[in-house]
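The lines below spell out each chain.
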Amino acid sequence: VGSVPDIFGSLPGLVNLRLAYNGLNGSLPGSLNGSSVQVLWVNNQELEGGLDVIRGMTQLKQVWLHANRFTGSIPDLRRSPVLFDLQLRDHQLTGI
C-alpha cells in the first residue's frame, strides 16, 4: 500500500518488476525511465497520471498497466523493439 518508491536508478540489474494487486497509488516514478526493467506488472492498482515514463524504457518486453487510473496519451513505444505484450485496458487514455 502506498506509492511506488523512486529508487530504480539505484537498481541497474532489475529486469522483472511485478507489483500487481498491492493497493499502490500515485504515479509511476521517474527513475523507471531509462531503467533496465523488461517486465513491468503494476496492474490492478490505484495508480494515476501519465505514462510518459515508459517511453524511455527501451528494454521492455511485457507491460501490464491495466485497471489503474492512467490518463493522457499512449506513449510512442517504437524505441522498445522487443515489446510483445502491452496491456492498457480500463483507463482514460487517448491516441492511436
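Calculation notes
Residues numbered from 1 in each chain as written. Predicted model: local features only at pLDDT ≥ 70, side-chain atom pairs only at ≥ 80, totals over all residues. Heavy atoms only, no water. Pairing = 2+ DSSP bridges. Helix = DSSP H or I, 4+ residues; strand = E, 2+ residues; numbered from the N terminus. Axes fitted to C-alpha atoms, helices over the stretch in contact; angles between N-to-C directions. Buried < 20%, exposed > 50% of the residue type's maximum accessible area, 1.4 Å probe, protein only. Contact = heavy atoms within 4.5 Å. Core = buried A, V, L, I, M, F, W, Y, C linked by side-chain atoms within 4.5 Å.

Which residues make up the sheet that holds strand β5 (residues 46-49), and what values go with them?
One open sheet holds the five strands; their spatial order is β1-β3-β5-β7-β9, and the pairing between them is parallel. Whereas interior strands pair on both sides, the edge strands pair on one side only; in this sheet they are β1 (2-3) and β9 (92-94). The sheet contact formed by β1 and strand β3 (residues 24-26) spans two bridges and is parallel. Residue pairing across strands places Ser-3 opposite Asn-25, the latter belonging to β3.

Give a description of the sheet that holds strand β4 (residues 39-41) that names residues and reports values.
Taken together, four strands build an open sheet; the order of strands is β2-β4-β6-β8 and the sheet is parallel. Each edge of the open sheet carries a strand with a single partner, namely β2 (16-18) and β8 (85-87). Averaged over all adjacent pairs, the angle separating strand axes in this sheet is 10°, with direction ignored. Here three bridges tie strand β6 (residues 62-64) to β8, and the two strands are oriented parallel to one another. Paired with Gln-62 across the two strands is Asp-85, which belongs to β8.

Give me the environment of Thr-58: which residues, what numbers.
Along the polypeptide, Thr-58 turns up in the loop between β5 and β6. The class of Thr-58 is partly exposed, set by a relative accessible area of 24%. Contacts of Thr-58, omitting those with residues within four sequence positions, involve Arg-79, Ser-80 and Pro-81.

Go over the nonpolar core with me, naming the residues and quoting the values.
Residues Leu-28, Leu-32, Leu-40, Ile-54 and Leu-65 are the most contacted members of the largest nonpolar core, which totals 20 residues. Setting aside residues no more than four positions away along its own chain, Leu-32 makes contact with Phe-8, Leu-17, Val-37, Val-53 and Met-57.

Please set out the side chain of Ser-80 residue by residue, giving values where relevant.
Tracing the backbone through its elements, the reader meets Ser-80 in the loop between β7 (69-73) and β8. In this structure Ser-80 comes out as buried when scored by relative accessible area, which is 4%. Those residues in contact with Ser-80, other than ones at most four positions away along the chain, are Met-57, Thr-58 and Leu-60.

So what's going on with the pairing of β5? Which residues, and what values?
Alignment of β3 against β5, held across two bridges, turns out to be parallel. Counterpart to Gly-26 in the pairing with β5 is Leu-47. Pairing analysis gives two bridges linking β5 to β7, with the strands arranged parallel. From the neighbouring strand, Glu-48 faces β7, where its bridge partner is Arg-69.

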